[in-house]
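Chains, contacts and geometry: an overview
Residue strings, one per chain:
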Amino acid sequence: TFEGFLSTSRKARAEHLESLRDEERTMIIYEAPHKLCATLEDLKAVFGGDRQISLCREITKLHEETIRGTIDEAISIYEQKPPKGEYVLVVRGKALRAGPTVSLQQALERLSFYRDEGNSLKQAARFASQDTGFSKNELYNLALEQISEKKRILDKPLL
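What comes next is a walk through the structure. Remember, predicted model here, so these are calculated numbers, not experimental data.

The rules behind these values
Residues numbered from 1 in each chain as written. Predicted model: local features only at pLDDT ≥ 70, side-chain atom pairs only at ≥ 80, totals over all residues. Heavy atoms only, no water. Helix = DSSP H or I, 4+ residues; strand = E, 2+ residues; numbered from the N terminus. Buried < 20%, exposed > 50% of the residue type's maximum accessible area, 1.4 Å probe, protein only. Disulfide = S-S within 2.5 Å. Salt bridge = Lys/Arg side-chain N within 4 Å of Asp/Glu carboxyl O. 1 Å grid on protein atoms, 1.4 Å probe; cavity = no way out; pocket = protein on both sides within 12 Å on 5 of 7 lines; lining within 4 Å. Points joined across faces, edges and corners; volume = space filled by probe spheres on them. Pairing = 2+ DSSP bridges. Phe/Tyr/Trp six-rings, centres within 6.5 Å; stacked < 30°, edge-to-face > 60°. Polar contact = N/O pair within 3.5 Å; in protein donor to acceptor, adjacent residues only side chain to side chain. Contact = heavy atoms within 4.5 Å. Core = buried A, V, L, I, M, F, W, Y, C linked by side-chain atoms within 4.5 Å.

Let us now look at unusual backbone geometry. Where the residue is not glycine, phi is negative for most of them; where a peptide bond is considered, it is trans in most cases. Backbone geometry places E58, a non-glycine residue, at a positive phi of 55°. The residue E58 is located in the loop between β3 (52-57) and β4 (65-70) in this model. Positive phi outside glycine occurs at T60, with the angle close to 70°. Within the secondary structure, T60 sits in the loop between β3 and β4. For T60, a relative accessible area of 70% corresponds to the exposed category.

Applying the stated criterion to the full structure yields 0 disulfides. No disulfide involves C37; its sulfur sits 16 Å from the nearest other cysteine sulfur, which is in C56.

So, about the pattern of salt bridges. For the coordinates displayed, the defined rule picks out 12 salt bridges. Overlapping salt bridges bring together R10, R13, E31, K35 and D42 as one network.

The subject of this paragraph is the layout of surface pockets. Space left empty within the atom packing is revealed by a probe, the size of a water molecule, rolled over the atoms. When its volume is computed, the largest pocket comes out at roughly 200 Å³. Taken together, Q105, L108, E109, L111, S112, R115, L121, A143, Q146, I147 and K150 make up the lining of the largest pocket. Secondary-structure elements contributing two or more residues to the lining of the largest pocket are α4 (104-116) and α6 (136-155). Per element, the largest residue contribution to the lining of the largest pocket is 6 residues, and it comes from α4.

Moving on, we come to the pairing of strand β5 (residues 87-91). Extensive coverage of β5 is indicated by the burial of 4 of its 5 residues. As paired elements, β3 and β5 share 5 bridges and run antiparallel to each other. If you follow L55 over to β5, its bridge partner there is L89.

Counted under the stated rule, the structure contains 5 aromatic pairs. Look at F2 and Y30: their rings are 5.2 Å apart centre to centre, the planes differ by 75°, and that puts the pair in the edge-to-face class. Of this pair, F2 sits in strand β1 (residues 2-5) while Y30 sits in strand β2 (residues 27-31), placing them 28 residues apart in sequence. Taken together, a centroid distance of 5.7 Å and an interplanar angle of 85° make the contact between Y78 and Y87 edge-to-face. Since its relative accessible area comes to 4%, Y78 is described here as buried.

On to the side chain of E58. Judged by relative accessible area, E58 falls into the buried class, the value being 17%. A polar contact is formed between the side chain of E58 and the backbone nitrogen of E86, at a distance of 2.8 Å. Setting aside its immediate chain neighbours within four residues, E58 contacts H63, E64, G85 and E86.

Ranked by size, the top nonpolar core spans 20 residues in total, and within it L40, L43, F47, I53, L55, L89 and V91 carry the most contacts. With 5 residues, helix α2 (residues 36-47) is the largest single contributor of residues to this core. The residues touching L43, leaving out its near neighbours within four places in the chain, are L17, I29, G48, I53, I71, L89 and V91. Residues A107, Y114, L121 and L139 belong to the second largest nonpolar core, which totals 11 residues.

Interpretation note: all reported values are geometric properties and have no functional meaning in isolation.
So, in structure tokens, the structure goes:
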């Protein structure tokens, strides 16, 4: 996501960065050399020092340079040598959720909850998928299997 130059107003700058706290896409920010160190500190305050960043200096010019690392590493580098030239900061987005945070059984219980509310099986699978991170199709197919199994057991003749 292209963010351009950050505001020079401290409040607007802080609000803008705060709005990006949970951004999962890579962020592109332009910065002037005299504001680079302050911007890196602001980025650290919002994203943490371990967030990956690339600092691209003087792109397409004679002294083009790219430094890759964490925000903390970038701060350390520019404490040693003052920044020169125009910078494009490429900040990695927030890491995506690793996957489902609940068990499959809990996800199926959530699907059942939505069914009990009067939703179709397809809608319930979609809602449960959004809540749990499991695949909508996986939940739908497993629910169909459970329904078929219950029906088979109920239709079995008594001895």
